[in-house]
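Okay, here's what each chain looks like letter by letter:
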Amino acid sequence: MGKLKCALIVCIVVCLISLISISVFSKDAEEVTLENKQDKEIASDTGINVDDQIERYVGTSESDTTESGLTYNNKKVGFLTIDDSAVNYPVMQSDDLVYYTQHNSSGKIDSKGAIFLDSRITVDDTQVYLLHGLTNEEGSMFSELSNYLDESYSMEHQSCKFTIDEDTEVFDLFSVITMEADEPVIDLECDSDSKVERQFNLLKELSLYEFDKTYVENSKLLILNTMKGNTHILVCYLQNNG
């Protein structure tokens, strides 16, 4: 009888210890869950989705990246350098005109964007290159194009280089234009040399300043486009065939 009593007491003690342990672990789990919940609420308030922190974009040169089921065919198509300026950047291209206004050349989300070739252009089958870039407070990307609104600056910065597949072409400035967004002056369907020459003449006619440049047969045009407020700034170059 004494042994039975002792065994019963031991069982009761073991049960009490188990209940206390379960209670403690349940409380810890509840605290962890609450902490995660609070983290998510804080993240939600700051616009960050905790469940979405894995980077969606990795090096985009010659590769595909995806976001929300969309596929972007992004690639580096060249390199742009404007002499005596901070413009010295890779030139990217995507399937649309939006991606590289929101991502840098490495594919990272970046409000400064990247310099990019118009998505409607085939880089190895065109005489007209149209490059886009944003302006920003840091002065990077195409911010320096606003300097071309100063005539003396334009006259002192008339040369740039555009490299494609290790082939570097030198271009000379022939026109600086300001226009509203709804003023179409660029024809991307220049499928003949006569159309390219016509495009050259139009851009030269619209220039804020006069440049002593003449179109040469089968020359290429390089047009840099950015925005300052609601106004487009076009800085236009002609291939140097000398």
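Summarised in this report is the structure supplied together with it. Given the structure is predicted, the values throughout are model-derived calculations rather than measurements.

**What to know about the overall build of the protein chain**
A tally of regular secondary structure across the protein chain gives 4 helices and 9 strands. Reading the helices (α) and strands (β) of the protein chain from amino to carboxyl end gives α-β-β-β-α-β-β-α-β-β-α-β-β. Every one of the 242 residues in the protein chain was classed for burial, and the buried ones make up 36%. Once local pairs closer than 6 in sequence are excluded, the contacts in the protein chain between residues at least 24 apart make up 55%. By element, 52% of the accessible surface of the protein chain is carried by carbon and sulfur atoms, the whole surface being about 14600 Å².

**Describing the pattern of salt bridges**
Under the definition given, this model contains 4 salt bridges. Taking the shortest distance from any N to any O, the salt bridge between Arg120 and Asp118 comes out at 2.8 Å.

**Digging into the nonpolar core**
If you look at the biggest cluster of nonpolar residues, it comprises 46 residues, and the most contacted ones within it are Leu80, Tyr129, Leu131, Tyr148, Leu222, Leu224 and Tyr237. Not counting residues up to four positions away in its chain, the partners in contact with Tyr148 are Ile82, Tyr153, Ser154, His157, Leu173, Val176, Tyr209, Val235 and Tyr237.

**What to know about the packing of aromatic side chains**
Applying the stated rule across the entire model yields 7 aromatic pairs. Look at Tyr129 and Phe162: their rings are 5.2 Å apart centre to centre, the planes differ by 80°, and that puts the pair in the edge-to-face class. Residue Tyr129 is found in strand S5 (residues 128–132), and its partner Phe162 is found in strand S6 (residues 159–164); the two are separated by 33 residues along the sequence. Like Phe162, Tyr129 is buried. Aromatic side chains Phe200 and Tyr215 sit 5.7 Å apart centroid to centroid with 45° between the ring planes, which places their arrangement in the tilted category.

**Details of the environment of Glu183**
Within the secondary structure, Glu183 sits in the loop between strand S7 (167–180) and helix H4 (193–205). Sequence-wise, Glu183 and His232 are 49 residues apart; in three dimensions their C-alpha atoms are separated by 9.4 Å.

**Points about the pairing of strand S9 (residues 231–239)**
Here S9 lies mainly inside the structure; 8 of its 9 residues are buried. One ladder, built from 9 bridges, connects S7 with S9; its direction is antiparallel. If you follow Met179 over to S9, its bridge partner there is His232. Where strand S8 (residues 221–228) lies against S9, 8 bridges are found, and the strand directions are antiparallel. From the neighbouring strand, Ile223 faces S9, where its bridge partner is Cys236. Between S8 and S9, which follow one another and run antiparallel, lie 2 residues, and Gly229 among them has a positive phi close to 70°.

Here is what the cut-offs are and how they apply
Residues numbered from 1 in each chain as written. Predicted model: local features only at pLDDT ≥ 70, side-chain atom pairs only at ≥ 80, totals over all residues. Heavy atoms only, no water. Helix = DSSP H or I, 4+ residues; strand = E, 2+ residues; numbered from the N terminus. Buried < 20%, exposed > 50% of the residue type's maximum accessible area, 1.4 Å probe, protein only. Contact = heavy atoms within 4.5 Å. Areas by Shrake-Rupley, 256 points an atom, 1.4 Å probe, with all protein chains shown as cover. Salt bridge = Lys/Arg side-chain N within 4 Å of Asp/Glu carboxyl O. Core = buried A, V, L, I, M, F, W, Y, C linked by side-chain atoms within 4.5 Å. Phe/Tyr/Trp six-rings, centres within 6.5 Å; stacked < 30°, edge-to-face > 60°. Pairing = 2+ DSSP bridges.

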